[in-house]
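Chain by chain, the residues:
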Amino acid sequence: MNPSKNSRGAAKWALLSLAIGSFGIGMTEFVMMGLLPQIAQDLLPDLWQTSHEDAIAQSGVLISLYALGVVIGAPTIAGLVARFPRHRVMIGLALALTVFNALTVVLPSFGLVGASRLLAGLPHGAYFGIGALVAADVLGPGKRAKGVAFILTGLTIANVVGVPLGTYLGQQWGWRSAFMVVTVVFALATVCIAKFVPKHPGDAGRTLRSELGVFRVGQVWLTLGIGAIGFGGFFAVYSYVAPLVTEVAGSPEWAVPIVLVIVGLGMTVGNLLGGYLADRDLRLTLLLGMAGLAVVLGMLALLSFQIVLLAALAFAVGLVSSVLSPAIQTRLMDVAGDNQSIAAAMNHSALNIGNSLGAFLGGAVIAVGWGFTAPAWVGAVLAVIGLAITAFALRVERVAVAL
């Protein structure tokens, strides 16, 4: 039976509430990448006076710490809370995101801000993983993908609107102002989830031990490797967009939010295109997506000295990388067996390992004096490795089926 107008309206409000939280997650994860110069100048003033490059490279550690929090928190939290009512879990996760991002606003030193970024990353993967199950229940059988896509729309819009806006605010009124906005978004999400998300029971029979059984599946590890290493190519560049625009292309600081909008638009288009292509041929989408990412990152390294070319290639990088995102998510859930909830959460762990790896390696090549285009070359290498892992995983699968 089709849901009534009232129930459809209630479902939309529930999904919108969850999407507000995903908007906040997208903003808190990515806004720091456009504000590294301001953060470095504020939190590492002595090093900034000595070397801008070294200070920016060290500030990239804050990106890696957030990503590390996601990697730790996604399987741990998703496994520990599997038996509890999911609507209450979502309220708790949104509240934790509010508090931990508020700490980023007020804590005074680089080390303490780093600790707050680690804490802020912990609920990230569980929010998306458990939120996907709630969305499936809200919309009913056969509409799971639609519900998940609606939640992820918040993440996509964050890259088009939230991150550039936060970057602009951070440039004008200090980088902490961007995280004040993030904190308000999460507070709103907490209230909306408590009001609009219906009751949703957990699975009383699930334990952390049973959930972690997913790690006995070899193809799960290979798929996580595709996301962690291959997708790290995107983050190697995205983490250092600000100096790429200002130092390499020689553009003014106000151009950074514009380039971030362009990247976000590419990600939006890529996410929609990736879902369509993955449904048609998942394996081919993974292979061609990784190859395409390597190519556009190499072109970015060669052609980013002119702002128009940089902007065009930034769009291409956002598009190709986001084509891969739903394909990796689908692949991981395909090979995870019965452990769908932890698999959904672990997808975000894999992508944030890529975030951490890309930010770290990108900062490392800047720190040794190879320049601000060097992260793009690092990204291209990571994408090639991701392509090799993809080809190997698919080859192993074909052999196993043949046997």
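Next up on the list: the overall build of the protein chain. A count of helices and strands for the protein chain gives 18 helices and 0 strands. Out of the 403 residues belonging to the protein chain, those deemed buried represent 58%. Once local pairs closer than 6 in sequence are excluded, the contacts in the protein chain between residues at least 24 apart make up 83%. For the protein chain, the accessible surface area stands at approximately 16,400 Å², while carbon and sulfur atoms represent 70% of it.

Right, let's talk about the confidence of the model for the protein chain for a bit. Per-residue confidence for the protein chain gives a mean pLDDT of 84, with 90% of residues at or over 70. Within the protein chain, the lowest mean pLDDT, 66, falls on helix α10 (residues 208-211), and the highest, 94, falls on helix α9 (residues 175-196). Predicted confidence is poor over residues 1-6, with pLDDT under 50, and the contacts of this stretch with residues over four places away or in other chains come to 1 contact.

What follows is about the packing of helix α15 (residues 282-303) against helix α16 (residues 307-335). Orientation of α15 relative to α16, taken along the N-to-C sense of each, is 155°, at an axis distance of 9 Å. As the angle between them shows, α15 and α16 are arranged roughly antiparallel. Relative to α16, α15 is oriented so that their crossing is left-handed. Counted by class, the contact of α15 with α16 contains 19 nonpolar, 5 polar and 3 charged residues.

To continue, consider the pattern of salt bridges. Summed over the entire model, instances satisfying the criterion amount to 3 salt bridges. Across the pair R176 and D42 runs a salt bridge, and its minimum N-O distance is 3.9 Å. In this pair, R176 sits in helix α9 while D42 sits in helix α2 (residues 36-43), placing the two residues 134 residues apart along the sequence. Taking the shortest distance from any N to any O, the salt bridge between R283 and E397 comes out at 2.9 Å. Of this pair, R283 sits in helix α15 while E397 sits in helix α18 (residues 374-402), and the two are 114 residues apart along the sequence. Of the residues examined, R283 reaches a relative accessible area of 41% and is grouped as partly exposed. Look at the salt bridges and you will find they share partners, linking R283, R331 and E397 into a network.

Tracing the sequence through the fold places G174 in the loop between α8 (144-173) and α9. With relative accessibility at 29%, the residue G174 sits in the partly exposed group. Sequence-wise, G174 and D42 are 132 residues apart; in three dimensions their C-alpha atoms are separated by 8.9 Å.

Right, let's talk about the nonpolar core for a bit. Residues Y127 and Y238 are the most contacted members of the largest nonpolar core, which totals 106 residues. In terms of residue count, the dominant contributor to this core is α16 (11 residues). Those residues in contact with Y127, other than ones at most four positions away along the chain, are S17, L18, G21, S22, I25, M90, L93, A94, L97 and I193. Ranked by size, the runner-up nonpolar core spans 10 residues in total, among them V214, V220, L332 and A343.

Another aspect to go through is the packing of helix α4 (residues 52-80) against helix α6 (residues 110-121). Contact geometry of α4 with α6 gives a least axis separation of 6 Å together with a crossing angle of 30°. For the element pair α4 / α6, the angle class is roughly parallel. Taken as a pair, α4 and α6 cross one another with a handedness that is right-handed. Across from Q58, S59, L62, L65, Y66, L68, G69 and V70 in α4, the residues of α6 making contact are F110, V113, G114, R117, L118, A120 and G121. Along the lines of polarity and charge, the residues of the contact of α4 with α6 split into 9 nonpolar, 5 polar and 1 charged.

Looking at where H124 falls in the secondary structure, it is placed in helix α7 (residues 124-139). Relative accessible area serves as the criterion here: at 2%, H124 is assigned to the buried category. In this structure the side chain of H124 is engaged in a polar contact, spanning 2.9 Å, whose partner is the side chain of Y66. In contact with H124, other than residues within four places in its own chain, are I25, E29, Y66, V70, H348 and N352.

Before going further, it helps to spend a moment on a nonpolar patch on the surface. Where nonpolar side chains cluster on the molecular surface, the patch consists of V295, M299, L302, L303, L309 and W377 and spans about 540 Å² of accessible area. Of the residues forming the nonpolar patch, the biggest block, 4 residues, is contributed by α15. Relative to the helices and strands, L309 is located in helix α16. Looking at L309, the relative accessible area reads 40%, which means it is partly exposed.

To continue, consider empty space enclosed by the protein. This structure, assessed with the given rule, holds 2 cavities of 30 Å³ or more. Estimates place the volume of the largest cavity at around 70 Å³. What lines the largest cavity is simply F234, V237, Y238, V241, L244, V259, V263, L300, L310, A314 and V317. Residue assignment for the lining of the largest cavity shows that the elements contributing at least two residues are α12 (232-238), α13 (241-248), α14 (255-280) and α16. Among the residues forming the lining of the largest cavity, the class breakdown is 11 nonpolar, no polar and no charged. Estimated volume of the second largest cavity: approximately 40 Å³. Along its surface, the second largest cavity is lined by A236, V237, Y240, L244, F372, T373, P375 and A376. Counting only elements with at least two residues in the lining of the second largest cavity, the list comes to α12 and α18. Residue composition of the lining of the second largest cavity, grouped by class: 7 nonpolar, 1 polar and no charged.

What the rule picks out here adds up to 10 aromatic pairs. Taken together, a centroid distance of 5.9 Å and an interplanar angle of 15° make the contact between F30 and F235 stacked. Taken together, the positions of F30 in helix α1 (residues 5-30) and F235 in helix α12 put the pair 205 residues apart, joining distant regions of the chain. Among the aromatic residues, ring-to-ring pairing joins F30, F231, F234, F235 and Y238 into one connected group.

Rules and cut-offs
- Residues numbered from 1 in each chain as written.
- Predicted model: local features only at pLDDT ≥ 70, side-chain atom pairs only at ≥ 80, totals over all residues.
- Heavy atoms only, no water.
- Helix = DSSP H or I, 4+ residues; strand = E, 2+ residues; numbered from the N terminus.
- Buried < 20%, exposed > 50% of the residue type's maximum accessible area, 1.4 Å probe, protein only.
- Contact = heavy atoms within 4.5 Å.
- Areas by Shrake-Rupley, 256 points an atom, 1.4 Å probe, with all protein chains shown as cover.
- pLDDT = per-residue confidence, 0-100.
- Axes fitted to C-alpha atoms, helices over the stretch in contact; angles between N-to-C directions.
- Parallel < 35°, antiparallel > 145°, perpendicular 65-115°, else oblique.
- Left-handed = near helix turned anticlockwise from the far one by under 90°.
- Nonpolar A, V, L, I, M, F, W, Y, C, P; charged D, E, K, R; others polar.
- Salt bridge = Lys/Arg side-chain N within 4 Å of Asp/Glu carboxyl O.
- Core = buried A, V, L, I, M, F, W, Y, C linked by side-chain atoms within 4.5 Å.
- Polar contact = N/O pair within 3.5 Å; in protein donor to acceptor, adjacent residues only side chain to side chain.
- Patch = residues over 30% accessible without salt bridge, like charges linked within 9 Å, V, L, I, M, F, W, Y side chains within 5 Å.
- 1 Å grid on protein atoms, 1.4 Å probe; cavity = no way out; pocket = protein on both sides within 12 Å on 5 of 7 lines; lining within 4 Å.
- Points joined across faces, edges and corners; volume = space filled by probe spheres on them.
- Phe/Tyr/Trp six-rings, centres within 6.5 Å; stacked < 30°, edge-to-face > 60°.

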